[in-house]
Amino acid sequence: MDDRDKRAIDELQAQVDALNARRGKAERSSAGRAGRETGQMGLGFRISVEMLATLAVGTGMGFVLDRWLGTSPWLTLVFLVLGAGAGMRNAIKVAERASAKPQNETKRL
């Protein structure tokens, strides 16, 4: 390989590096913007769906057990409270994970 080939390879490598840098900057800025705009909304939807799901499952289990055992409405009320507690526990866990995530990302930078 002579000097002319090495220079051509170096020029091509410089162009590739410049394109990769521009592409990476554009991807980081658009991904960051998308995360800021939709990340918190998605987190809110996830927490609300988990709360509703645990309430529905708890109430449903209590209702079915009440019908089966004939203890209406006591087991429905007990399982409603248990479902609410499970929903709050899940919401707290999700919120803790979400708040811990940005701290880990800043340490990487």
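This one's a predicted model, so the numbers in the text were calculated from it and none came from an experiment.

Caption draft 1: Local environment of the environment of F79. Considering the arrangement of structural elements, one finds F79 in helix α2 (residues 74-108). Of the residues examined, F79 reaches a relative accessible area of 18% and is grouped as buried. Expressed as a C-alpha distance, the spacing of F79 and L65, which sit 14 residues apart in the sequence, is 9.7 Å. In contact with F79, other than residues within four places in its own chain, are G58, T59, M61, G62 and L65.

Caption draft 2: Quick peek at the pattern of salt bridges. This model, assessed by the stated rule, comprises two salt bridges. A salt bridge links R46 to E50; the nearest nitrogen and oxygen atoms lie 3.1 Å apart. Here the residue R46 and the residue E50 both occupy positions in helix α1 (residues 3-69), the gap between them amounting to four residues, near one helical turn. Using a relative accessible area of 42% as the deciding quantity, one classes R46 as partly exposed. Judged by relative accessible area, which is 21%, E50 ranks as partly exposed.

Calculation rules
- Residues numbered from 1 in each chain as written.
- Predicted model: local features only at pLDDT ≥ 70, side-chain atom pairs only at ≥ 80, totals over all residues.
- Heavy atoms only, no water.
- Helix = DSSP H or I, 4+ residues; strand = E, 2+ residues; numbered from the N terminus.
- Buried < 20%, exposed > 50% of the residue type's maximum accessible area, 1.4 Å probe, protein only.
- Contact = heavy atoms within 4.5 Å.
- Salt bridge = Lys/Arg side-chain N within 4 Å of Asp/Glu carboxyl O.

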